[in-house]
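# Examination of the molecular architecture
Listed here are the chains, written in short residue letters.
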Amino acid sequence: MNYSKVKTALTIAGSDSSGGAGIQADLKTMLANGVYGMSAITALTAQNTMGVTAIYEVTPEFLGQQIDAVFTDIFPDAVKIGMTANDKLIEIIAGRLSSYNAENIVVDPVMIATSGARLISENAVSALKGKLMPLAAVVTPNIPEAEVLSGVKITDRTDMEKAAEYIYKNYGCAVLLKGGHSVNDANDLLYEDGGITWFESIRIDNPNTHGTGCTLSSAIAANLAKGRDLKQSVRLAKEYISGALSDMLDLGNGSGPLNHGYLFDKE
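This section reports on the structure supplied with the text.

How each quantity is defined
Residues numbered from 1 in each chain as written. Predicted model: local features only at pLDDT ≥ 70, side-chain atom pairs only at ≥ 80, totals over all residues. Heavy atoms only, no water. Helix = DSSP H or I, 4+ residues; strand = E, 2+ residues; numbered from the N terminus. Rg over C-alpha atoms; globule rule 2.2 N^0.38 Å. Buried < 20%, exposed > 50% of the residue type's maximum accessible area, 1.4 Å probe, protein only. Areas by Shrake-Rupley, 256 points an atom, 1.4 Å probe, with all protein chains shown as cover. Lys, Arg positive; Asp, Glu negative; His and termini not counted. Charge placed at Lys NZ, Arg CZ, Asp CG, Glu CD. Arc of directions from axis to C-beta. Contact = heavy atoms within 4.5 Å. Disulfide = S-S within 2.5 Å. Core = buried A, V, L, I, M, F, W, Y, C linked by side-chain atoms within 4.5 Å. Phe/Tyr/Trp six-rings, centres within 6.5 Å; stacked < 30°, edge-to-face > 60°. Lys NZ or Arg CZ within 6 Å of the ring centre and 35° of its normal. Salt bridge = Lys/Arg side-chain N within 4 Å of Asp/Glu carboxyl O. Pairing = 2+ DSSP bridges.

Turning our attention to the overall build of the protein. Helices and strands together make up the secondary structure of the protein, namely 9 helices and 9 strands. Here the protein has a C-alpha radius of gyration of 17 Å; the compact-globule value for 267 residues is 18 Å, and the two agree. Considering only C-alpha atoms, the protein reaches an extent of 50 × 45 × 40 Å along its principal axes. In the protein, which comprises 267 residues, the share counted as buried stands at 49%. When the accessible surface of the protein is summed, it comes to about 11,900 Å², and 51% of that surface belongs to carbon and sulfur atoms. Within the protein, the 30 negative side-chain charges are centred at a point lying 3 Å from the centre of the 21 positive side-chain charges.

Written out as structure tokens, the structure is:
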């Protein structure tokens, strides 16, 4: 790596004590994709591969201080935003990013757990839509999250296109709508200024998928930080996450993490 030209990225998200998702996954992903990662933590969680047992949210004031500390010293080339559980935190994030004229913002709208449980309040959803998404270069919802953001029931590719178009036109940001095997294997849809691009993939038969959403959005942010366009950033991020899944790391008693460091020498 040429350290005189190293690019930087900031993740604003929650901490995962088991290291598979959130801040920990983001920083590992950024390093593996060749950028220097920094963090502002929105919440501490007590969690492992079997679930979350406790959440401790930081205050809006402290979150703002973390963001200030980063931007006033090592200005990030890209920003990834993950878990933001309440509207006050979202307002702080949006205000700070606007005041610093942050670029290459990737929003992973963490709203619904794998179990189907809603993770954030209605007020937080409204703040996400009205204040954060308009700042984003791209938002990366899964199917249930896209349904909440668009009001479109998604059962096939046509529905995915309708939902992505609605989000793009109403919130002013590009959309990477993640298909998932429940709708169309692992095919994702990118909706941006240039129209629709489908990224076709074969689902990797690996039950250990903890942190895949965090990892994908962070890899996109890392590639945007390096000056790549959105299509190329998505393509490279999907290649990276496919490699991390294909490595078949198996840790923990539940749905385990990916191997974020699969590209590194294992000796």
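Here the narrative resumes, following the displayed structure.
This part is about helix H4 (residues 122-132). Along H4, the positions that sit buried rather than exposed are Ala124, Val125, Ala127, Leu128 and Leu132. One side of H4 carries all its buried residues, which in axial view fall inside an arc of 165°. Away from the buried face of H4 by more than 90 degrees, exposed residues Glu122, Asn123 and Gly130 are located. Residues of H4 that are buried sit in contact with strand E4 (78-81), helix H3 (87-99), strand E5 (105-107) and helix H5 (143-150).

In this section: unusual backbone geometry. Keep in mind that most residues, glycine aside, have a negative phi and that most peptide bonds are trans. If you check the backbone angles, Asn104 has positive phi at about 55° while not being a glycine. By the element assignment, Asn104 lies in the loop between H3 and E5.

For the structure on display, the rule yields 0 disulfides. As a non-bridged cysteine, Cys173 has Cys214 as the owner of its nearest cysteine sulfur, 18 Å distant. Relative accessible area serves as the criterion here: at 1%, Cys173 is assigned to the buried category.

To continue, consider the nonpolar core. Grouped together as the largest cluster of nonpolar side chains are 46 residues, with contacts concentrated most on Ile12, Val79, Ile81, Leu97 and Leu177. Those residues within four positions of Ile12 in sequence are excluded, and the remaining contacts are Ala40, Thr42, Leu63, Ile67, Val79, Lys80, Ile81, Gly82, Ile93 and Leu97.

The next subject is the packing of aromatic side chains. One pass over the structure, following the stated rule, counts 5 aromatic pairs. Their ring planes at 5° and their centres at 4.8 Å tell us that Phe71 and Tyr100 sit as a pair that is stacked. A residue pair is termed long-range when its members are at least 10 positions apart, and Phe71 in helix H2 (residues 60-71) and Tyr100 in the loop between H3 and E5 qualify at 29 residues. Relative to Tyr171, the ring of Tyr166 has its centre 6.4 Å away and its plane inclined at 75°; by these criteria the two rings are edge-to-face. On the basis of relative accessibility, which here comes to 35%, the residue Tyr166 falls in the partly exposed class. Linked through ring pairs, Phe71, Phe75 and Tyr100 together constitute an aromatic cluster. When the ring centre of Trp198 is taken as origin, the NZ or CZ atom of Arg157, which lies over that ring, is 3.9 Å away.

A few words now on the pattern of salt bridges. In total, this model carries 10 salt bridges according to the counting rule given. Residue Asp188 pairs with Lys238 through a salt bridge whose shortest N-O separation is 2.8 Å. Residue Asp188 is located in strand E8 (residues 188-192), and its partner Lys238 is located in helix H9 (residues 230-246); the two are separated by 50 residues in the primary sequence. For Lys231, the salt bridge identified is with Glu192, shortest N-O distance 2.7 Å. One end of the pair, Lys231, is in helix H9; the other, Glu192, is in strand E8, with 39 residues separating them in the sequence.

This next bit is on the pairing of E8. Extensive coverage of E8 is indicated by the burial of 5 of its 5 residues. Of the two faces of E8, the one carrying Asp188, Leu190 and Glu192 and the one carrying Leu189 and Tyr191 are both buried. Where strand E7 (residues 174-178) meets E8, 4 bridges bridge the pair, whose relative direction is antiparallel. When the sheet's bridge partners are listed, Lys178 is paired in E8 with Asp188. Direction of pairing for E8 relative to strand E9 (residues 195-199): antiparallel, over a ladder of 5 bridges. Note on E9: the bridge partner recorded for Asp188 is Phe199. Between E8 and E9, which pair antiparallel one after the other, the connecting turn spans 2 residues.

What follows covers the side chain of Ser218. By secondary structure assignment, the location of Ser218 is in helix H8 (residues 212-225). Residue Ser218 is classed as buried on the basis of its relative accessible area of 0%.

Moving on to the side chain of Asp87. Mapped onto the elements, Asp87 comes out in helix H3. Despite its burial, Asp87 remains without a salt bridge, the nearest opposite charge being carried by Lys88 at 4.5 Å. Excluding residues within four positions of it along the chain, Asp87 makes contact with Asn123, Ala124 and Ala127.

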